[in-house]
Amino acid sequence: MSETNPAAAEVAAPHRYTAAVAAEIEARWQDVWDADGTYAAPNPKGDLAGDPGLVAKPKKYVMDMFPYPSGAGLHVGHPLGYIATDVFARFQRMTGHNVLHTLGFDAFGLPAEQHAVQTGEHPRVTTEAAINNMKSQLRRLGLGHDKRRSFATIDPEYYKWTQWIFVQIFNSWYDDKAKKARPISELVARFESGERAVPGGRSWDALSAAERADVLGEYRLAYASDAPVNWCPGLGTVLANEEVTADGRSERGNFPVFKAKLRQWNMRITAYADRLLDDLNELDWPEAIKLQQRNWIGRSEGARVDFPIDGEAITVFTTRQDTLFGATYMVLAPEHPLVEKFTPAAWPEGTHDVWTGGHATPAEAVAAYRAQAASKSDVERQAEAKDKTGVFTGAFATNPVNGEQIPVFIADYVLMGYGTGAIMAVPAHDTRDFAFARAFELPIRCVVEPSDDRGTDASTWDDAFVSYDAKIVNSHGEDVSLDGLGVTDAKARITEWLQRKGIGEGTVNFRLRDWLFSRQRYWGEPFPIVYDEDGIAHSLPESMLPLELPEVEDYSPRTFDPDDADTSPETPLSRNQDWVDVTLDLGDGRGPRPYRRETNTMPNWAGSCWYELRYLDPHNSEKLVDPEIEQYWMGPRAGQPHGGVDLYVGGAEHAVLHLLYARFWSKVLYDLGHISSPEPFHKLYNQGMIQAFVYRDSRGFPVPAAEIEERDGAFFHNGEQVKRELGKMGKSLKNAVTPEAICEEYGADTLRLYEMAMGPLDVSRPWDTRAVVGQYRLLQRLWRNVVDEATGEVTVVDAEPDETTLRALHKAIDGVRQDLEGLRFNTAIAKVTELNNHLTKAGAAVPRPVAESLVLLIAPLAPHIAEELWRKLGHTDSVVHQDFPVADPRYVVDETVTCVVQVKGKVKARLEVSPAISDDELEKVALADEKVVAALDGAGIRKVIVRAPKLVNIVPA
Ligand code: ANZ
């Protein structure tokens, strides 16, 4: 491998493109680009205003999902998306766009906080060190970022506005009629004037301040409420469901976890469920991601139906009101508040043994079952296991369509947090109900005619029959019958009947829940909220923002006796008396007063909910973003009715949380008139993952991939045979490859090309260090086509290229253009390679126009070598802002074919024509050919037989 050996190469050819040359070129141009502000994208106004000519161009906003600055730094898998957006952004710059491309850091996060807990080092210190490390790693790749626009979410000038947005959300409510958020002051005005009735029936004037605050809390888009959470006294923190084990203990530390109601902040994202769904239709996102969002929002059309019981009613939510006649029992969530109310003192006579769970009274059975259910997470409760558990409450309710008395159970497969927390069970047509009915020996009644041969006697079935496209049977009562109707018609008829009777109505239910927005952590944005002596929450005025994190002695939450459920979290911020208890004048006319600060912090998601807006106007201290600037980069336009970033690239793992939260914040800001774009990201693209081989020894432990020897298809580490599998890349699997290592061996341009050439961008692919050299060789051949390796002189000649070269060139231009526009970087590289090989094979000095076009073609992909060659070719302007070559259509058409023209059966001419030529066109060309004209010698034509593209036969008159 002499080509990769710099020392040998220097002797043979001192001006060869080597890793050392690449390193020198790359560092030099990166410095020049920085000094010249080459990637600065001008705004139409403000401190980033610039070249009006550029601003007049169409804009392109190209964005990455920004990274969390991990202390471990980047491996070669991380920059895949960053390189891709960089190639795209560079291409857009060369095709007449003003391109905004930059990168910030999503810098609040648990790892830095955990490190702080362990070492006492401030998380800001470790985070900033990690950011600086990452910045230098990224700089080495030659990414064309407008660095003036970069920031980290932990910068107080940034989180000032995160807090400001929180205040806007807190001070808003959702007007269901107007279908938009409005300032809460408008709601207060309506309550005051009586235009809108105050819930509870009293007048606004008659309410105390605390009562008013409670009423408004039911409307605010950010509100505090008592939410059931997983409280772990032993760790001193609440946990996500995913952090709790199946037996109700903490995954970390194995401490008991209790369901506790704690006061938490929430975002009323559910108010936007419909709009979040509808607006998906206009977005250019992968269908799979749209589907995940749709499922997450989970819109279900159905009905609420009241089942009378003891003069009251249990309301169920069902999507199959057409099956009401098949409801043979009911199930309530174990936590349902009505359970105690209807539970009788003793088991009714004749209660089935399997229904009681062996308990002496219904109260005992309910209590025991509740305790058992409380220890399971919702996910486990919903798992499609066949063995359904539950217990009879001793009560019966009335099926409103036929007056039947049906038993009421509690079972954990019904969740309190969905619908009404109560269901009517239709075992014949719902698989979970079927399993439960079998276990508890409950009647199963067919009301939807099976399309298979199982018959309508459901007692003989093995499973439920589920269909939305079948006929209803066995469904007639005194004044309503559904028999013979299809599912849809039956739903409509029964819903109308329920509504008329006043015992039910059609409704839409969403799976989406409000967003739990507070965390008991130090390293997050403090809430801009204080509480007065009455415990009423007030938002801080803008003049008091940012509310900065105080310095604290101890970053860890306080822990308690692990078994003491009667404790509640003590947040790291709450221990800081001077910070917590303050006297402030909020400017609300009440003068200076004592307040207590909110001591929770915001979740990691907060900072990434609006960062696309801050890049636009990053230094604005007066406004979130200047409206004119926002409109310029983000505003709605043809094909993008909701506006948004033109291209947003990131991993598919962010299908719901981040991408839903950011959409929600955009919509609130849009409703309140702060921005013109109700959607943040018009086009979304998910890049694949770079995977890597993991080598494991006989104990299954990963061994360093760099130390593996391969012999006859087997793999060895220190002589011991090891197993190879495909997995993630990372330190823990001992297979991380750093970008620096590859840059050192080949240069950043080679690394960029290799990552882009590995396969289609959206497909995952295995990293193979040995294959990187292929792209290095491409760059060496490219260099050699322009520069003499012995003398360093430019070898191109001022000559006209020949026809075949022109064809090769223009085909490449045409293909590369389309490929770069379509993010097909791997095929673009293949086309550049083909052209370059053509020139190499031709063996002669390359004509200047061809060399220049070739350099421009590769510039977005390998910007450093392109810049160097461009300058060597005599240009003084950067390659970055040159026009991308445009193909001449004459040379793009495929090679010609030879068409034989016969006159009276004798070949008279041969024509070179396009293989796509039409019969008519070919006839015209043939008849106009001079040899043909001569052969006809003025004779008229009787007949022309055309077989395009190969034959024309002319029969003279
Ligand atoms: C009767 C019925 C008959 C149902 C039938 C289904 C099939 P989606 O589509 O996901 O909205 N359900 C309602 N609330 C529930 C809760 N809190 N916990 C567990 N299950 C609940 O599902 C709606 C269906 O899920 C509802 O329609 C209800 O069962 C059940 F042949 O009612 B159905």
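What counts and how
- Residues numbered from 1 in each chain as written.
- Predicted model: local features only at pLDDT ≥ 70, side-chain atom pairs only at ≥ 80, totals over all residues.
- Heavy atoms only, no water.
- Helix = DSSP H or I, 4+ residues; strand = E, 2+ residues; numbered from the N terminus.
- Buried < 20%, exposed > 50% of the residue type's maximum accessible area, 1.4 Å probe, protein only.
- Contact = heavy atoms within 4.5 Å.
- Lys, Arg positive; Asp, Glu negative; His and termini not counted.
- Charge placed at Lys NZ, Arg CZ, Asp CG, Glu CD.
- Pairing = 2+ DSSP bridges.
- Axes fitted to C-alpha atoms, helices over the stretch in contact; angles between N-to-C directions.
- Near = heavy atom within 4 Å.
- Polar contact = N/O pair within 3.5 Å; in protein donor to acceptor, adjacent residues only side chain to side chain.
- Areas by Shrake-Rupley, 256 points an atom, 1.4 Å probe, with all protein chains shown as cover.
- Patch = residues over 30% accessible without salt bridge, like charges linked within 9 Å, V, L, I, M, F, W, Y side chains within 5 Å.
- Salt bridge = Lys/Arg side-chain N within 4 Å of Asp/Glu carboxyl O.
- Core = buried A, V, L, I, M, F, W, Y, C linked by side-chain atoms within 4.5 Å.
- Phe/Tyr/Trp six-rings, centres within 6.5 Å; stacked < 30°, edge-to-face > 60°.
- Lys NZ or Arg CZ within 6 Å of the ring centre and 35° of its normal.
- Nonpolar A, V, L, I, M, F, W, Y, C, P; charged D, E, K, R; others polar.

S.K.: Go over the overall build of the protein with me, naming the residues and quoting the values.
M.R.: The secondary structure content of the protein amounts to 31 helices and 31 strands. In terms of its C-alpha atoms, the protein occupies a principal-axis envelope of roughly 110 × 85 × 75 Å. For the protein, the proportion of its 957 residues judged to be buried stands at 53%. Of all intrachain contacts in the protein linking residues separated by at least 6 positions in sequence, the fraction that spans at least 24 positions is 70%. Mean positive and mean negative side-chain charge positions of the protein (102 and 141 charges, respectively) differ by 5 Å.

S.K.: Could you give an account of helix α27 (residues 848-858), naming the residues involved and the relevant values?
M.R.: Counting buried residues along α27, nine of its eleven residues qualify, which places the element largely inside the surrounding structure. Buried within α27 are the following residues: V850, A851, E852, S853, L854, V855, L856, L857 and I858. Against α4 (80-94), α24 (773-784), α25 (803-821), α26 (825-842) and α28 (863-872) lie the buried residues of α27.

S.K.: Explain the sheet that holds strand β17 (residues 537-539) to me, and be specific about the residues and the numbers.
M.R.: Read across the sheet, four strands follow the order β17-β16-β19-β18 without closing on themselves; strand pairing throughout is antiparallel. A strand with exactly one partner marks an edge of an open sheet, and here the two such strands are β17 and β18 (581-584). For this sheet the average axis-to-axis angle between neighbouring strands, irrespective of direction, equals 45°. Sheet topology places β18 next to strand β19 (residues 593-597); four bridges connect them, and they run antiparallel. Directly across from T583, in β19, lies its bridge partner P594. Strands β16 (529-531) and β17 of the sheet are contacted by helix α7 (residues 156-170), whose axis makes an angle of about 125° with β17.

S.K.: With reference to specific residues and values, describe the site of the ligand.
M.R.: The environment of the ligand is formed by 18 residues, the closest being S300, T318, L415, Y418 and R511. In the environment of the ligand, an oxygen atom lies 2.5 Å from a nitrogen or oxygen atom belonging to the side chain of S300. Interatomic distance of 2.4 Å between a side-chain N/O atom of Y418 and an oxygen atom of the ligand. If the ligand stood free it would expose 640 Å²; the protein chains cover 87% of that surface. Within the residue set of the shell around the ligand, elements represented by two or more residues are β9 (312-318) and β13 (422-425).

S.K.: Before we move on, can you summarise the pairing of strand β31 (residues 951-956) with the specific residues and values?
M.R.: Strand direction decides the pairing type here: strand β28 (residues 897-903) and β31, joined by four bridges, are parallel. Within β31, the residue paired with V901 across the bridge is V952. Looking at chain direction, strand β30 (residues 941-947) and β31 are connected through six bridges and run antiparallel. Looking across to β31, one finds that K943 is bridged to V955. With antiparallel pairing between neighbouring strands as the criterion, β30 and β31 make up a hairpin whose turn holds three residues.

S.K.: Please set out a negative patch on the surface residue by residue, giving values where relevant.
M.R.: Together, D561, D563, D564 and D566 line one region of the surface with negative charge. Accessibility expressed as a relative area gives 57% for D563, which makes it exposed.

S.K.: Requested: an account of the nonpolar core, with residues and values cited.
M.R.: A general trend in soluble globular proteins is that nonpolar side chains are found buried together. Of all hydrophobic cores here, the largest spans 177 residues; its most connected members are F166, F517, W665, W767 and F825. Per-element tally for this core: the top contributor is α4, with nine residues. Leave out the neighbours within four places in its chain, and F825 touches A84, V87, F88, M756, L761, L820 and L861. Core analysis: the second largest hydrophobic core is formed by 66 residues, V331, Y413, C446 and L498 among them.

S.K.: With reference to specific residues and values, describe the pattern of salt bridges.
M.R.: This model, assessed by the stated rule, comprises 57 salt bridges. For D479, the salt bridge identified is with K501, shortest N-O distance 3.0 Å. In this pair, D479 is assigned in the loop between α16 (431-439) and α17 (487-501) and K501 in helix α17, connecting sequence segments 22 residues apart. Residue class for D479 comes out partly exposed when judged on its relative accessible area of 46%. When its relative accessible area of 44% is taken as the criterion, K501 is described as partly exposed. Salt bridges linked by common partners bring E24, R28, E868 and K872 together as one network.

S.K.: Hey, could you go over unusual backbone geometry for me, with residue numbers and the actual values?
M.R.: Residues L545 and P546 are joined by a peptide bond in cis, for which omega reads 0°. Looking at where P546 falls in the secondary structure, it is placed in the loop between β17 and α18 (577-580). Backbone torsion omega between A948 and P949 reads 0°, so that peptide bond is classified as cis. Located in the positive-phi region is K179, a residue other than glycine, with phi close to 55°. With respect to the helices, strands and loops of the structure, K179 is situated in the loop between β3 (172-175) and β4 (180-183). On the accessibility criterion, K179 (53% relative accessible area) is exposed. Backbone geometry places D310, a non-glycine residue, at a positive phi of 45°. Tracing the sequence through the fold places D310 in the loop between β8 (299-309) and β9. Assessed through its relative accessible area of 62%, D310 is described here as exposed.

S.K.: I'd like to hear about the packing of aromatic side chains, residue by residue, with values.
M.R.: Under the definition given, this model contains 48 aromatic pairs. On the numbers, 6.4 Å between centres and 80° between planes, the contact of W173 with Y219 is edge-to-face. Note that W173 is positioned in strand β3 and Y219 in the loop between α9 (209-217) and β5 (222-232), a separation of 46 residues in sequence. Cluster of aromatic residues (ring-pair linked, three or more members): F166, F170, W265, W515, F517, F527, W605, Y661 and W665. Taking NZ or CZ as reference, R597 lies 5.2 Å from the ring centre of W579, over its face. The ring of F693 has R724 lying over it, and the distance from NZ or CZ to the ring centre is 3.6 Å.

S.K.: Report on the packing of helix α22 (residues 739-746) against helix α23 (residues 748-757), specifying residues and quantitative values.
M.R.: A packed helix pair is summarised by two numbers, namely the angle formed by the two axes and the spacing between the axes. For the pair α22 and α23, interaxial distance at closest approach is 7 Å and the crossing angle is 115°. Residues P739, I742, C743 and Y746 of α22 touch α23, and the partners they reach there are A748, T750 and L751. Its residues placed into classes, the contact of α22 with α23 shows six nonpolar, one polar and no charged.

Bear in mind that shape data such as this cannot, by itself, settle questions of function.
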